[in-house]
Amino acid sequence: MGIPAGSVGINIDPSAAGSAAALRLARLADDSGLDFAGVQDHLYHPEFLDAWTLVTTLAGATSRLTLLPNVANTVLRLPAPLMKAANTLGHLSGGRVVLGVGAGASAPAIAAYGGPQHTPGQAVSAFEEALTVMRAMSDPAQRSVRFDGEHHRVQGARPGPFPERPVPLMVGAYGPRMLRITGRLGDGWLPSNGYAPPERVPGMQRMIDEAAVAAGRDPGAVQRIYNVMGTITAEGAPVSDSKGVVGPPGFWVDTLLRYREELGFDSFLFWPVDGDSETQAALFAEHVAPRIRTATPRGPQQS
């Protein structure tokens, strides 16, 4: 199933104090017609629930919403078991799972949880190995997976069971090496506007496209989903960009359509920054999402 072009989604906070609100927000998104929901994966934060457990719970509490970790930490989550878990949830949910993956945001916090404390260069190398393993573990043609890397080793792992459709691997990437890995091996790119602001996006898109072409892939096969942080305000309220996109619904529609037209993103995930998340999600679902869907989606721009 994945996340079709033109989709719109919502971030769900994994705070343990807001676990009841997370369930309400997922059901609101499911009932109001939003397409997907993401949960950030920082399991070393003591106030956060484990993202994979929460994603699984939300999948069981909804009927049509696609869920994804945004993005799973592949340092603390070994790639072969992580792919097994994603394939299992894909099988049980009727394909309503996408696997967002990244190299890990905080080396000291990862080390405190028992993971290796990589240098930035090591983290990227380890991520490329992890993504290679996950692709092999999601391939029904592979009866036994073997991989002998510097950071990851798999010695005859037998992949499966497989869902009806492969679980897409969306990459949270920002640096040049990670962007090139996305173009070579990822099913999609999943950046956030706080780390990939609009003015930087065209150059980042070119790196993905060039790497895809060099690997013999169609750049258009690499999906582009933008995490957009901000706040929907009342009509007529002043517009500010101090906390991402801030303004009334019409401003949000114009901004997201401009991001699609000028930056090449085909889908968007809304991260409410201020205000009640359920109220923000309802405003987004009622006043923004329908107008994004009715506009003709465009694929990634190519240079």
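Moving on to the pattern of salt bridges. A full pass over the atoms with the stated rule returns 10 salt bridges. The closest approach of N and O atoms between D209 and R224, which form a salt bridge, is 2.7 Å. Of the two residues, D209 sits in helix α7 (residues 201-214) while R224 sits in strand β10 (residues 223-232), which places them 15 residues apart along the sequence.

This part covers the packing of aromatic side chains. Across all of its chains, the model carries 6 aromatic pairs by this definition. With 5.6 Å between their ring centres and 55° between their planes, Y174 and Y195 make a pair best called tilted. Residue Y174 is located in the loop between β8 (169-171) and α6 (176-185), and its partner Y195 is located in the loop between β9 (188-189) and α7; the two are separated by 21 residues in the primary sequence. When its relative accessible area of 26% is taken as the criterion, Y174 is described as partly exposed. Measuring from ring centre to ring centre gives 5.4 Å for Y226 and Y259, while their planes differ by 70°; the resulting arrangement is edge-to-face. Placement of the pair is Y226 in strand β10 and Y259 in helix α8 (residues 249-263), with a sequence separation of 33 residues. Using a relative accessible area of 0% as the deciding quantity, one classes Y226 as buried.

Right, let's get into the environment of F127. Along the polypeptide, F127 turns up in helix α5 (residues 120-137). Accessibility expressed as a relative area gives 0% for F127, which makes it buried. Note: C-alpha distance between F127 and N73 (54 residues apart in sequence) is 9.3 Å. If we skip the residues at most four places from it in the chain, F127 touches T74, V101, G102, A103, V171, M178 and I181.

What follows deals with the nonpolar core. In terms of nonpolar packing, the biggest core is built from 71 residues, with L99, V101, L131, M134, L256 and F284 touching the most fellow members. Of all the elements, α5 adds the most residues to this core, at 9 residues. Beyond its immediate chain neighbours, meaning those up to four positions away, L256 contacts V228, F268, F284, V288 and I292. Counting residues in each nonpolar core, the second largest holds 10 residues, with I3, L68, V98 and L190 among its members.

The next subject is helix α1 (residues 19-32). Along its 14 residues, α1 runs 20 Å from first to last C-alpha, staying within 8% of the 20 Å computed at 1.5 Å per residue. Within α1 the residues assigned to the buried category are A22, L25, A26, A29 and D30. In an axial view of α1, the angular spread of the buried residues amounts to 135°, which keeps them on one side of the axis. Among the structural elements, β1 (8-11), α2 (51-61) and α9 (277-294) are those in contact with the buried residues of α1. Where α1 ends, the next residue or the one after it, G33, has phi of about 95°, a positive value.

Here we take up the pairing of strand β12 (residues 267-272). Most of β12 is tucked away: 6 of the 6 residues are buried. Neither face of β12 is left uncovered, since the one carrying S267, L269 and W271 and the one carrying F268, F270 and P272 both have all their residues buried. Taken together, the 3 bridges between β1 and β12 define a ladder with parallel strand orientation. Within the sheet, the bridge partner assigned to I10 lies in β12 and is F270. Of the strand pairs in this sheet, β10 and β12 are connected by 6 bridges, and their pairing is parallel. Pairing of M229 across the sheet is with W271, part of β12.

Reading the values: rules and limits
- Sequence order as written defines residue numbering, which begins from 1 separately in each chain.
- Selection of residues for local features in this predicted model requires a pLDDT of at least 70, selection of side-chain atom pairs for listing and counting requires 80 or more, and totals for whole chains, interfaces and linings are taken over all residues.
- Working from all heavy atoms in the structure, the side-chain values ignore hydrogens and water.
- Counted as salt bridges are all cases of a side-chain nitrogen of Lys or Arg within 4 Å of a carboxyl oxygen of Asp or Glu.
- In this text, helices come from DSSP runs of H or I with a minimum length of four residues, and strands from runs of E with a minimum of two, each type numbered from the N-terminal end.
- By convention, a stacked pair of Phe, Tyr or Trp rings (six-membered ring in the case of Trp) has centres within 6.5 Å and planes under 30 degrees apart, an edge-to-face pair has planes over 60 apart, and any other such pair is tilted.
- For each residue, the accessible area found with a 1.4 Å probe, counting protein chains only, is set against the maximum for its type, and the residue is called buried under 20%, exposed over 50%, and partly exposed in between.
- Working rule for contacts: check all heavy atoms of both residues, and any pair within 4.5 Å makes them a contact.
- Buried Ala, Val, Leu, Ile, Met, Phe, Trp, Tyr and Cys residues form a nonpolar core when they are joined through side-chain atoms within 4.5 Å.
- What a helix is expected to span follows from its residue count: subtract one and scale by 1.5 Å.
- Working note: the arc is built from the helix axis to C-beta atom directions.
- The criterion for strand pairing is that DSSP finds at least two bridges linking the strands in question.

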